[in-house]
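Structural description and commentary
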Amino acid sequence: MVQQQMTQEKKYPLLLGIESSCDDTSAAVVRGCELLSNVIASQAVHSAYGGVVPEMASRAHQQNIVPVVSEALKRAGVSVHDLDGIAFTAGPGLLGSLLVGVNFTKGLHLALGTPLISVNHLRAHVLAHFIYEPGEEHQSPEFPFLCLLVSGGNSQIIKVNSPYDMEVVGQTIDDAAGEAFDKCAKVMGLGYPGGPIVNKLANEGNPLRFQFSKPQIKGLDYSFSGLKTSFLYTLRDELKENPNFIEENKADLCASLQKTVIDILMGKLLKATKQYQINRVAVAGGVSANTGLRDAFADYASRYGWQIFIPKFAYTTDNAAMVAAAGYFSYLAGDFASRDLVPFVRTTLKENL
């Protein structure tokens, strides 16, 4: 049904999407879910601090948002006066960063009278699977489907009944998978963000070399705090015997860590497919760029008959294309925001749909 809606170009609304939830300033233009442009300005300055510094992030957003939006409109070949709506990330995220995007969007709204569309950042990650580019053959998942949303701040299994009805059926009770990668990378001195570095080194290592703790959590919920503790204790004990242990075993440590995280994620996801009798399975979020996780999805698809949906790398990290796509479905539903809306820092998908 959704794909049929996407075949009638004359009915597509032209939307601008704005994303500023963390440290990436992004703007995109879509017609329906067809992507016309997607511009991202990243902030490399945070790598020196081992994590995102909120005050620095908000200042960088203020510098980047005007040129990023201008460039997105230019690449799409449209004017702000052509827009049917402006979709923006209202949360969750860093408050200072969100305020830049929200207030900029409100300014455009006041100047143009263009409708406002508030977007939940987590919902946008899920709906990134409906983005397609001009002339591209694209298959979106049919409803219902299960989506594994994994990032630095979230690890959730979501039952997606429709673009407007999403239910979190499992989530981390402590740390997220991406956070586990980042913190373990930090104690090894690998830099920030740790996930991509761990992924690169893991491709060179033996994933069976080290064994780390896997939590025994009931139901479909996750836990990664025990894994981090197990990893830390392994380093502590080995460094007592060999001060060069990390440097000499860096690739094997990363490969073993990555395998453990993926085993935990996929084990609960497999359980969810059996519990809900759904074989359409998607992955989203920053950690979905991990090649090991993508390989695991292909493996499980072969073994269990899953129909899998994996986003392009460009749509895994925070981007405005997914915000604009989510805004499209809100536009169809007539779900518009008021100008007195304030951003929210913490939430769950279920609370906002």
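Residues numbered from 1 in each chain as written. Predicted model: local features only at pLDDT ≥ 70, side-chain atom pairs only at ≥ 80, totals over all residues. Heavy atoms only, no water.

In the nomenclature of an unreviewed UniProt entry, the protein chain corresponds to tRNA N6-adenosine threonylcarbamoyltransferase from the organism Porphyromonas endodontalis. Taken directly from UniProt, the Catalytic activity (unreviewed entry) text for the protein chain runs: "L-threonylcarbamoyladenylate + adenosine(37) in tRNA = N(6)-L-threonylcarbamoyladenosine(37) in tRNA + AMP + H(+)". The UniProt entry for the protein chain carries this comment under Sequence similarities (unreviewed entry): "Belongs to the KAE1 / TsaD family." (UniProt positions renumbered as here; feature names shortened; annotations may be inferred.)

This part takes up the domain arrangement of the protein chain. Quite often, the size of an interface is put as the accessible area lost when its parts meet. Along its sequence, the protein chain is organised into domain 1 (14–131 + 316–333) and domain 2 (145–310). Using C-alpha coordinates to define each centre, domain 1 is positioned 28 Å away from domain 2. In this complex, domain 1 contributes 18 residues to the contact, which on the side of domain 2 involves 21 residues. Summed over both partners, the interface of domain 1 with domain 2 buries about 1,400 Å², with 72% contributed by carbon and sulfur atoms. Applying the counting criterion to the domain 1 and domain 2 interface returns zero salt bridges. Where domain 1 packs against domain 2, one counts four residue pairs in polar contact (both at pLDDT 80 or more). Among the elements of the structure, helix H4 (121–127) and helix H10 (320–333) are those that each provide at least two residues to the side of domain 1 that touches domain 2. Looking at the side of domain 1 that touches domain 2, the element that brings in the most residues is H4, giving five residues. Across the side of domain 1 that touches domain 2, the residue classes break down as eight nonpolar, nine polar and one charged. (Domains from an automatic or database assignment. Contact = heavy atoms within 4.5 Å. Buried area = accessible area lost by both parts, 1.4 Å probe. Salt bridge = Lys/Arg side-chain N within 4 Å of Asp/Glu carboxyl O. Polar contact = N/O pair within 3.5 Å; in protein donor to acceptor, adjacent residues only side chain to side chain. Helix = DSSP H or I, 4+ residues; strand = E, 2+ residues; numbered from the N terminus. Nonpolar A, V, L, I, M, F, W, Y, C, P; charged D, E, K, R; others polar.)

Turning to a nonpolar patch on the surface, a few remarks are in order. There is a patch of nonpolar side chains on the surface, built from Leu95, Leu99 and Val345 and spanning about 220 Å² of accessible area. Looking at where valine 345 falls in the secondary structure, it is placed in the segment after H10. The class of valine 345 is partly exposed, set by a relative accessible area of 37%. (Patch = residues over 30% accessible without salt bridge, like charges linked within 9 Å, V, L, I, M, F, W, Y side chains within 5 Å. Areas by Shrake-Rupley, 256 points an atom, 1.4 Å probe, with all protein chains shown as cover. Buried < 20%, exposed > 50% of the residue type's maximum accessible area, 1.4 Å probe, protein only.)

Moving on to the sheet that holds strand E1 (residues 14–19). The mixed open sheet is built from five strands, whose spatial order is E3-E2-E1-E4-E5. With partners counted over all chains shown, the strands left at the sheet margins are strand E3 (34–41) and strand E5 (116–120), one partner each. Averaged over neighbouring strand pairs, the angle between their axes works out to 20° when direction is ignored. Bridge count between E1 and strand E2 (residues 25–31): six bridges; the pairing is antiparallel. Bridging from a neighbouring strand, isoleucine 18 pairs with alanine 27 of E2. Sitting on the sheet, helix H2 (residues 54–76) touches E1, E2 and E3, and the angle it makes with E2 is about 25°. In the packing of helix H3 (residues 95–112) onto the sheet, contacts are made with E1, strand E4 (85–91) and E5, and the angle to E4 comes to roughly 155°. (Pairing = 2+ DSSP bridges. Axes fitted to C-alpha atoms, helices over the stretch in contact; angles between N-to-C directions.)

Moving on to helix H7 (residues 225–241). Taking 1.5 Å per residue, 17 residues should reach 24 Å; H7 reaches 25 Å between its end C-alpha atoms and fits that length. Within the sequence span of H7, burial applies to Leu227, Lys228, Ser230, Phe231, Thr234 and Leu235. Summarising the axial view, the buried residues of H7 lie within an arc of 160°, below the 170-degree limit, and thus occupy one face. Buried residues along H7 sit in contact with helix H5 (177–187) and helix H8 (245–276). (Expected span 1.5 Å × (residues − 1). Arc of directions from axis to C-beta.)

Below, the discussion takes up the packing of aromatic side chains. The full count for this structure, using the stated rule, is 14 aromatic pairs. Summarising the aromatic geometry, the rings of phenylalanine 210 and phenylalanine 245 are spaced 5.8 Å apart at their centres and angled 80° between planes, so their arrangement reads as edge-to-face. Separated by 35 residues along the polypeptide, phenylalanine 210 in the loop between helix H6 (194–202) and H7 and phenylalanine 245 in helix H8 bring together distant segments of the chain. Given a relative accessible area of 4%, phenylalanine 245 falls into the buried group. (Phe/Tyr/Trp six-rings, centres within 6.5 Å; stacked < 30°, edge-to-face > 60°.)

This part covers the pattern of salt bridges. Close approach of charged atoms allows side chains with opposite charge to pair. If you walk through the whole model with that rule in mind, you get 11 salt bridges. Aspartate 252 serves as the salt-bridge partner of arginine 209, at 2.7 Å between the closest nitrogen and oxygen. In this pair, arginine 209 is assigned in the loop between H6 and H7 and aspartate 252 in helix H8, connecting sequence segments 43 residues apart. Classification of aspartate 252 as buried rests on a relative accessible area of 18%. A single network of salt bridges, built from pairs that share partners, joins Glu133, Glu136 and Lys312.

Burial analysis of E3 places six of its eight residues in the buried class, the great majority of the element. In this sheet, E3 lies alongside E2 in antiparallel orientation, the contact comprising seven bridges. Pairing of valine 29 across the sheet is with serine 37, part of E3. Counting the residues between successive antiparallel strands, the hairpin from E2 to E3 contains two residues, one of them, glycine 32, with a positive phi of roughly 70°.

What follows concerns the packing of H5 against H7. Two elements in contact, H5 and H7, have axes whose closest approach is 10 Å; the angle formed by their N-to-C orientations is 15°. As judged from the angle between their axes, H5 and H7 are roughly parallel. With respect to the hand of their crossing, H5 and H7 are arranged in right-handed fashion. When H5 is examined against H7, the residues Glu179, Ala180, Lys183, Cys184 and Val187 are found in contact with a partner set consisting of Lys228, Phe231, Leu232 and Leu235. (Parallel < 35°, antiparallel > 145°, perpendicular 65-115°, else oblique. Left-handed = near helix turned anticlockwise from the far one by under 90°.)

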